[in-house]
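# Reading the structure
What follows is the residue order along each chain.
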Amino acid sequence: AQEQGNDLALIVARGAQAVIAAGGGLAHEAERLAAEAESRSHLRALSEHFDRYYVPFARGWISLQQGELRRARDLFGRALQLVRRSPLRVDTAEVLTALAITEMRLGDSEASQGHLAEALHLLEQCRDPGHLLVDPRQDRLPTAPQPASPPHTPLTSRETDVIALSGDKWNGGAVTHYRQLDAPIVNMA
């Protein structure tokens, strides 16, 4: 992607890697990857593209793990604003769940419950949502600080698809295959 000058694919690849690193407790690596993705988003006015949601989402996870709850809430809010522009229901549910956990830790149970209900509704529409960083379908969500995950968590098939997508030519066919969208919708974009 970098060799081809495909900034959007690089944003997706580095952003997804940043989220994986942040979910694994690798704050410095997550920030490095998020900064690289963010630097590409300004080159071609991609700062408002929905795939850029990975940057504030990864940084939100870092802030949440470090106990910076207000910053995490703001970052997850920005990630939600961006991801809502997309057709990505599972990703939207992940952001909503992370935001809900943060709101619960801040004592805003009403907002938290609303976001969890929306996340659950989105996941009900998915045949196989795959592995989530945090799953709103769990009976007990981590509302207190959690220890970091082991650093060598194997990639899920969904994460592998994101990496494969970033290596493919960014075209309507690739997007249609990996995101299971109707080709006419992709061609309109």
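Anyway, here's the lowdown on the structure attached to this text. (Residues numbered from 1 in each chain as written. Predicted model: local features only at pLDDT ≥ 70, side-chain atom pairs only at ≥ 80, totals over all residues. Heavy atoms only, no water.)

## Brief notes about the pattern of salt bridges
- In total, this model carries eight salt bridges according to the counting rule given.
- A salt bridge links Glu29 to Arg32; the nearest nitrogen and oxygen atoms lie 2.7 Å apart. With Glu29 and Arg32 both in helix α2 (residues 27-41) and three residues apart, the pair spans about one turn of that helix.
- When its relative accessible area of 32% is taken as the criterion, Glu29 is described as partly exposed.
- Sharing partners across several salt bridges, the network here consists of Arg14, Glu29, Arg32 and Glu36. (Salt bridge = Lys/Arg side-chain N within 4 Å of Asp/Glu carboxyl O. Helix = DSSP H or I, 4+ residues; strand = E, 2+ residues; numbered from the N terminus. Buried < 20%, exposed > 50% of the residue type's maximum accessible area, 1.4 Å probe, protein only.)

## Brief notes about the packing of aromatic side chains
- Applying the stated criterion across every chain, the model contains five aromatic pairs.
- Between Tyr53 and Phe57, the ring centres sit 6.1 Å apart and the planes meet at 35°, which makes this aromatic pair tilted. Neither residue differs from the other here; Tyr53 and Phe57 are each classed as buried.
- Here Trp61 and Phe76 contribute two aromatic rings whose centre-to-centre distance is 6.1 Å and whose plane-to-plane angle is 80°, an arrangement assigned as edge-to-face. In this pair, Trp61 is assigned in helix α3 (residues 54-65) and Phe76 in helix α4 (residues 69-83), connecting sequence segments 15 residues apart. A single burial state applies to Trp61 and to Phe76, both of which are buried. (Phe/Tyr/Trp six-rings, centres within 6.5 Å; stacked < 30°, edge-to-face > 60°.)

## What to know about the packing of α4 against helix α5 (residues 89-106)
- For the pair α4 and α5, interaxial distance at closest approach is 9 Å and the crossing angle is 155°. Between α4 and α5, the angle falls in the class roughly antiparallel. In this structure, α4 crosses over α5, and the sense of that crossing is left-handed. Only Asp91, Thr92, Val95, Leu96, Ala98, Leu99, Thr102, Glu103, Arg105 and Leu106 of α5 make contact with α4, whose side of the interface consists of Leu69, Arg70, Ala72, Arg73, Phe76, Gly77, Ala79, Leu80 and Val83.
- Residues belonging to the contact of α4 with α5 are distributed by class as follows: eleven nonpolar, three polar and five charged. (Axes fitted to C-alpha atoms, helices over the stretch in contact; angles between N-to-C directions. Parallel < 35°, antiparallel > 145°, perpendicular 65-115°, else oblique. Left-handed = near helix turned anticlockwise from the far one by under 90°. Contact = heavy atoms within 4.5 Å. Nonpolar A, V, L, I, M, F, W, Y, C, P; charged D, E, K, R; others polar.)

Honestly, it's all geometry; don't read function into it.
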